[in-house]
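Geometric and topological summary
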Amino acid sequence: MPTVSYNLDEIYKSIGKQISLEELNEVLEFCKCEFKQIKGSEVICEITPDRPDLFSTEGLVHFLKGILGLEKGIKKIKVFKENFKVEISDELKNIRPYVVIATIRGVKLDDESLKRIINYQELLHENWCRSRKKASIGLYDLSKLHGNIKFELRKLDEIKFRPLEEKREMSGWEIIKNTEKGLKYKDLILPNAAPVLVDSKGNYLSMAPIINSEDCKVTKNTTDILIDSTGFDIDFINSVVSLMIHTITYYGGEVGIVKHQIGDREYYTSLSNKAYQFSLKDFEKVTGLNLTCNQVIDFLEKARYGTKIEDEQIKVEVPFYRVDILHPIDIIEDLAIIYGYNKIELELPVLVTKPKISKKTIIHNLIRDIMNGFGFQEILNYMLCDFEIQTTKVNLDQISSEIITIQNPISKDFNCIRANLFPCVLQFLSKNTSKPYPQKVYEIGDVINLSEGKIITKNKLAACVIDNIVDFELMHGYLFSLLENFNFDLTLSNANLPFGLEERSAYINVNSKTIGWIAEINPNVLLNFSLRMPAIIFELDLTKTFDF
Amino acid sequence: MAEAKPKLTRLDLELLTFLLEHEMDVDELSRLANIPITTVFSKIEEFKQKGWISLREEHIYKVRLTEEGLNYAEQGLPESRLVNILKENKELKMDDLKRIFDEKTLKIALTNGFKRKLIIYQDGFLKLSNNIDLSLDALLKEIYEKREIELKSIEEEIKYLLHRNLIEIKPLKKIYVSLNSKLKHDLQTGNYTIVEEKSKLTSEDIISGKWKELKLKQYNLSALPPKIYFGRTHIYMKFLDEVRKILLEMGFEEEEGPYILPEFWNFDVLFVPQDHPARDMHATFRVNLSPVNLDGEIVKRVKEMHENGGIKDSIGWRYKWEKDLASRLILRTHTTTVSINYLYKNGNRIAKVFCISRNFRYDLPDATHSPEFYQCEGIMVGPNLTFKNLLAFFKDFSERLGIEKIKFRPTYFPFTEPSVEGIIYHKSLGWIEALPGGMFRPEILNAMKVEYPVLAWGIGIDRLAMAVLEIEDIRELFSQDISFLRNYKIYNAYSKL
């Protein structure tokens, strides 16, 4: 979940009073936002990723005012048409084909607000824009720019401008080699060319999606701002521009939309609100709540929607920056949130169904009863395992190709999925050599292996006795009694298991099916696990034994 | 008058005879006599009261090698290996060494080589100093061969090895027993009488009637009994079974599903967009198997769901959905995949289904994260189900588990709307997020051809188990310590709910 930081002073200022942190935390819950800590006048929170309009103090304040009933209904901004246009080159078609540009004229900024806006831009870059892969965002001082804007592809050695925070002009090559942002995002452009935004005088705005120009950057004295977003999907980059506009217009200004041209195609910046509708019945069907029209209107306006009721249909005007609304259900959720989840009267569902426990669970519990009666302690190991433990360490290199390995393991300890249980049991015992013996343990768990290209999951039981002296007869007795209790008649047949002592391992057969093995573990294997006591193990394939 | 002869039982005589030559510690006595330590202790107590023996305590340290220590005992300490190489080559450059040692070993060899003044660096070359002392290796070897040594005090060398984490030290108290001279003399000269005392009644005694005359030894009530390790279900499995029982009482049916599956069934059918961060290599484990071939109507429906919502009123995620990305095989990241697969197979049918099983996520293990963890998830499918019902279900469930207080908070999941997080109150831990849930989105129901509303819920079962079992580190749910599992007092946990 994104971590965001809100400015307490700005919150208090705009709601006109100080509220306790407890109260703040309560209202933050309406924003799916969780208070974590306070640093000076900043509140650090974790917020769900669906509401990027709330990632800024400005966006949060706008919504909070609604929840607190201080200001309701949809946000109104003045929109006009800019008299310049944006020309997009066809060459960018398969590279980074689109840009959306808008302006805000007449903003009043100061150091604090500028800092917050830049932080918001970075937060959007990281989360909503997926580290600039999906979209990049740029802000410029419009007064430094002239005429139409061009978005085109340029060779790196032809690009020359002074990047943000740098003291001198640099070529495209220098930018990707010598600047922090260049190194970080160079994989998002072609090896030798990048999309650039330039004005009619040839001044660079930016090399997208890497860095902007220092010469036209926004300062606290800027009153007219140009916003751009570049990417692959017009709708999406338009949503990014909308989010920036929502936050920046908190400081006033009128918004200019711009004509974009690619050859003979054209599109405009879109800041139109969207219309959705649903009925009170739809709302009741989902939530079980019975509200009056007036309540619905009140709640929707608190959630900063525009509302109208016509023929029992609730018509909702969704503000342009609400990028999370995909379906009326999303508005219905907002209504329920404003109503208050904790005020909802609880009502148990009436849904008569037949309970059913799986055969596997029943058998596991029966096995546990018996193994516990024998005095065995149940243990639990991860299915993620070290490949070496499953193979070399238990003399089973021959099953290497049957083991499913992880493409992106976090460490060697978890680089495959176990194909047998007993190596995990030995691994467990190796960590308990200083604990009292005898140690009698068992594990019930799933293993997965690859058989003729098929993924086979098996449920298994492994049991082990390890002590100064271990007694095969006794272990055989446990095994026999266990299976006898499930009406199985077991026979043993000679096996020469790679991890067993010679002539001291056997297959376990019932009804002419081999369902497992019992073996005294070869000291070579024991020593691989730093075990210095003899051990006898049996492992049963429960899937095969019980036909799960 | 001659002093009374001491009266010994056969067991007394057997134990005391071991002490004739020299004093012996209680552990060794128990081992040599092959008599349980608790019996030996109670005998020793009795001997002391009779004035036959004296006791002496000694504090010692048991020293063992750690994993790293074991390695070095076998291969030699890194700095000693470096010294041996320098003995053959006289002087070497750093670059030469980089070819011989891996980076980590080289760092250890150099740091300790300089610290112990075994090597010097001069004019760009490493050379041996004239002070080569490899006694540490000998010490490691000695511990290695004996597996464990006992020391009366901790010398510098041992401290140094401990500091380097090559050994583990366990302080221990030893109790030595020695015979007093009077008894020793009596034993040597045969000046004692053996008393036939029985400690255990036998079946034969009862049948023969001999029990009437027998003098049975009085129980020693102050002796500690031997520790008995009983067999027991793993505490976490026991907890999961409690949860399972509650769900059965509520009318749920148990389901399961595969651990390895295409992303399609883990993400795409649940409306998780293909560029969602949960799907990348740093969030989800991929397996080294070729992608599966996805086909059929469901693939078409899911593609539409992503691209345009698939139903009137929804706009979907509006991007080009790619089958290839959905075909990659992964380890499932949540059991919601079992719920959605059930819906797909059963369609519009009234049902209450749950699954308790393991999931996998790319999380480095720490106190609150584990790459493998349990989840308990389920769905309720039926006419007229509402969000109200889901909240009531959470409340009912927690009450059945013994949790009295619960509150709800809005949250977000790509596949449910409305979504909720149920937060429960635990007496010692306070409020804990433990019950996420919501109603499957209309886009998903449409793709699954389900008309009834579906309440989907999960239980952060690891978290809940940690709260109930009072475990602070999630890794302890898969504890690798047999003593923890054997000694865990399960009643304490349940009595605090």
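Residues numbered from 1 in each chain as written. Chains lettered and ligands numbered in written order. Predicted model: local features only at pLDDT ≥ 70, side-chain atom pairs only at ≥ 80, totals over all residues. Heavy atoms only, no water.

Structural notes on the overall build of chain A
The secondary structure content of chain A amounts to 16 helices and 27 strands. Along the first, second and third principal axes, the C-alpha atoms of chain A reach 95 × 65 × 50 Å. A burial count over chain A gives 57% of its 548 residues as buried. Here the analysis covers contacts within chain A between residues at least 6 apart in sequence; of these, 69% occur between residues at least 24 apart. Here chain A has roughly 23,500 Å² of accessible surface; of this, 48% comes from carbon and sulfur atoms. When the 67 positive and 77 negative side-chain charges of chain A are each reduced to one mean point, those points stand 4 Å apart. (Helix = DSSP H or I, 4+ residues; strand = E, 2+ residues; numbered from the N terminus. Buried < 20%, exposed > 50% of the residue type's maximum accessible area, 1.4 Å probe, protein only. Contact = heavy atoms within 4.5 Å. Areas by Shrake-Rupley, 256 points an atom, 1.4 Å probe, with all protein chains shown as cover. Lys, Arg positive; Asp, Glu negative; His and termini not counted. Charge placed at Lys NZ, Arg CZ, Asp CG, Glu CD.)

As for the sheet that holds strand β7 (residues 149-151) of chain B
Residues and elements named next belong to chain B. Taken in spatial order, the four strands make up an open sheet running β2-β8-β3-β7, and their pairing is antiparallel. At either margin of the open sheet sits one strand with a lone partner, and together these are β2 (24-25) and β7. Along the sheet, helix α8 (residues 135-146) contacts β3 (53-65), β7 and β8 (167-179); its crossing angle with β3, the most-contacted strand, is approximately 110 degrees. (Pairing = 2+ DSSP bridges. Axes fitted to C-alpha atoms, helices over the stretch in contact; angles between N-to-C directions.)

Overview of the pattern of salt bridges
For the structure on display, the rule yields 76 salt bridges over all chains. For A:E152, the salt bridge is made with A:R154, and the minimal N-O distance between the two is 2.9 Å. The shortest N-O distance in the salt bridge between B:E307 and B:K303 comes to 3.1 Å. Linking B:E307 with B:K303, this pair stays in helix α14 (residues 297-308), spanning four residues, or about one helical turn. Connected through shared salt-bridge partners, A:E29, A:E34, A:K36, B:R409 and B:E433 make up one network. (Salt bridge = Lys/Arg side-chain N within 4 Å of Asp/Glu carboxyl O.)

Re the sheet that holds strand β27 (residues 535-541) of chain A
Residue and element names in this part refer to chain A. Here seven strands make up an open sheet; going across it, the order is β19-β22-β23-β27-β26-β25-β24 and the pairing mixed. Each of the sheet's edge strands pairs with one partner strand only, and the pair in question is β19 (377-378) and β24 (490-495). Here strand β22 (residues 439-451) pairs with strand β23 (residues 454-466) via 13 bridges, running antiparallel. When the sheet's bridge partners are listed, S451 is paired in β23 with K454. Contacts from helix α14 (residues 472-484) reach β22, β23, β24, β25 (500-510), β26 (513-521) and β27 within the one sheet, and its direction differs from that of β27 by about 20 degrees.

Details of the side chain of B:E377
Residues and elements named next belong to chain B. Within the secondary structure, E377 sits in strand β14 (residues 372-381). Nearest to the buried, unbridged E377 among oppositely charged side chains is R361, at 6.2 Å. A polar contact of 2.5 Å, which involves the side chain of E377, links it to the side chain of T336. If we ignore the near neighbours within four places in the chain, the residues touching E377 are H334, T335, T336, S339, V353, F354, C355, W457 and G458. (Polar contact = N/O pair within 3.5 Å; in protein donor to acceptor, adjacent residues only side chain to side chain.)

Some thoughts on the packing of aromatic side chains
What the rule picks out here adds up to 35 aromatic pairs over all chains. Relative to A:W517, the ring of A:F499 has its centre 4.7 Å away and its plane inclined at 55 degrees; by these criteria the two rings are tilted. With a gap of 18 residues between them, A:F499 in the loop between β24 and β25 and A:W517 in strand β26 connect regions that are remote in the sequence. With respect to burial, A:F499 and A:W517 carry one shared label: buried. Note on B:F252 and B:W457: the rings are 5.5 Å apart at their centroids and 90 degrees apart in plane angle, and the pair reads as edge-to-face. (Phe/Tyr/Trp six-rings, centres within 6.5 Å; stacked < 30°, edge-to-face > 60°.)

Overview of the domain arrangement of chain A
Taken domain by domain, chain A consists of domain 1 (3-67), domain 2 (79-268), domain 3 (274-340) and domain 4 (359-546). Each of domain 3 of chain A and domain 4 of chain A has a C-alpha centre, and the two are 58 Å apart. (Domains from an automatic or database assignment.)

As for the domain arrangement of chain B
By domain assignment, chain B separates into domain 1 (7-52 + 180-212), domain 2 (67-169) and domain 3 (237-494). Put simply, the middle of domain 1 of chain B and the middle of domain 2 of chain B, counted by C-alpha atoms, are 51 Å apart.

Regarding the interface of chain A and chain B
The interface is formed by 83 residues belonging to chain A together with 93 residues belonging to chain B. Regarding the contact of chain A and chain B, the summed buried area is about 7,900 Å², with carbon and sulfur atoms giving 59% of it. The interface formed by chain A and chain B holds eight salt bridges in total. For the side of chain A that touches chain B, the secondary-structure elements that each account for two or more residues are α8 (280-287), α10 (328-339), α11 (359-373), β19, β22 and β23 of chain A. The dominant element in the side of chain A that touches chain B, judged by the number of residues it contributes, is β22(A), at seven residues. For the side of chain A that touches chain B, the residue count by class is 37 nonpolar, 21 polar and 25 charged. (Buried area = accessible area lost by both parts, 1.4 Å probe. Nonpolar A, V, L, I, M, F, W, Y, C, P; charged D, E, K, R; others polar.)

Structural notes on unusual backbone geometry
Look at the link from A:Y437 to A:P438: it is a cis peptide, with omega at 0 degrees. In this chain, B:E417 is followed by B:P418 through a cis amide linkage whose omega measures -5 degrees. Note on placement: B:P418 falls in strand β16 (residues 416-426). Its identity as a non-glycine residue notwithstanding, A:E165 has a phi of 70 degrees, on the positive side. By the secondary structure assignment, A:E165 is in the loop between β8 (160-161) and β9 (170-171).

A few points about helix α1 (residues 8-15) of chain A
Along an α-helix, a turn takes 3.6 residues, which lines up residues three or four apart on a common side. Residue and element names in this part refer to chain A. For α1, the buried fraction is high: six of the eight residues fall into the buried class. Where α1 is buried, its residues touch β1 (3-7), α2 (21-30), β2 (33-39), β3 (42-47), α3 (57-67) and α4 (111-126). Positive backbone phi, approximately 75 degrees, marks G16, located one or two places after α1.

Some words on the pairing of β3(A)
Residues and elements named next belong to chain A. Here five bridges tie β1 to β3, and the two strands are oriented antiparallel to one another. What sits directly across from S5, in β3, is I44. Bridging between β2 and β3 involves six bridges; their strand directions are antiparallel. Paired with C33 across the bridge in β3 is I47. Connecting the antiparallel pair β2 and β3 is a turn made up of two residues, with G40 showing a positive phi of about 60 degrees.

Description of the environment of B:V353
All names here are of chain B. With respect to the helices, strands and loops of the structure, V353 is situated in strand β13 (residues 351-360). Sequence separation between V353 and F252 is 101 residues, and the spatial gap between their C-alpha atoms is 5.1 Å. Setting aside chain neighbours within four positions, we find V353 in contact with F252, E253, E255, Y342, E377, G378, I379 and W457.

Some points on the side chain of B:T284
For B:T284, the location among the structural elements is in the loop between α13 (263-266) and α14. For B:T284, a relative accessible area of 1% translates into the label buried. Discounting chain neighbours no more than four positions away, the residues touching B:T284 are A:N408, B:F267, B:A278, B:R279, B:I330, B:L331, B:T333 and B:Y362.

Looking at the packing of α8(B) against helix α9 (residues 156-163) of chain B
When two helices pack together, their arrangement is given by the angle between their axes and by how far apart the axes lie. All names here are of chain B. Interaxial distance between α8 and α9 falls to 11 Å at its minimum, and their mutual angle equals 80 degrees. As far as their axial angle goes, α9 and α8 are roughly perpendicular. Along its contact with α8, which presents S135, L136, L139 and L140, the element α9 presents E157, I158, Y160 and L161. In the contact of α8 with α9, the residues fall into six nonpolar, one polar and one charged. (Parallel < 35°, antiparallel > 145°, perpendicular 65-115°, else oblique.)

A closer look at the nonpolar core
With 166 residues, the main nonpolar core has A:Y6, B:Y236, B:L247, B:F397 and B:W457 as its most contacted residues. Not counting residues up to four positions away in its chain, the partners in contact with B:F397 are B:V243, B:I246, B:L247, B:M250, B:L435, B:I459 and B:L464. Counting 36 residues, the second-largest nonpolar core is a separate cluster that includes A:I399, A:V425, A:V441 and A:V447. (Core = buried A, V, L, I, M, F, W, Y, C linked by side-chain atoms within 4.5 Å.)

Concerning the environment of B:I350
One can find B:I350 in the loop between α16 (336-346) and β13. Judged by relative accessible area, B:I350 falls into the partly exposed class, the value being 39%. A C-alpha to C-alpha distance of 5.1 Å links B:I350 and B:V381, two positions 31 residues apart in sequence. Residue contacts for B:I350: discarding those within four places in its chain leaves A:L351, A:T353, B:V381, B:G382, B:P383 and B:Y452.

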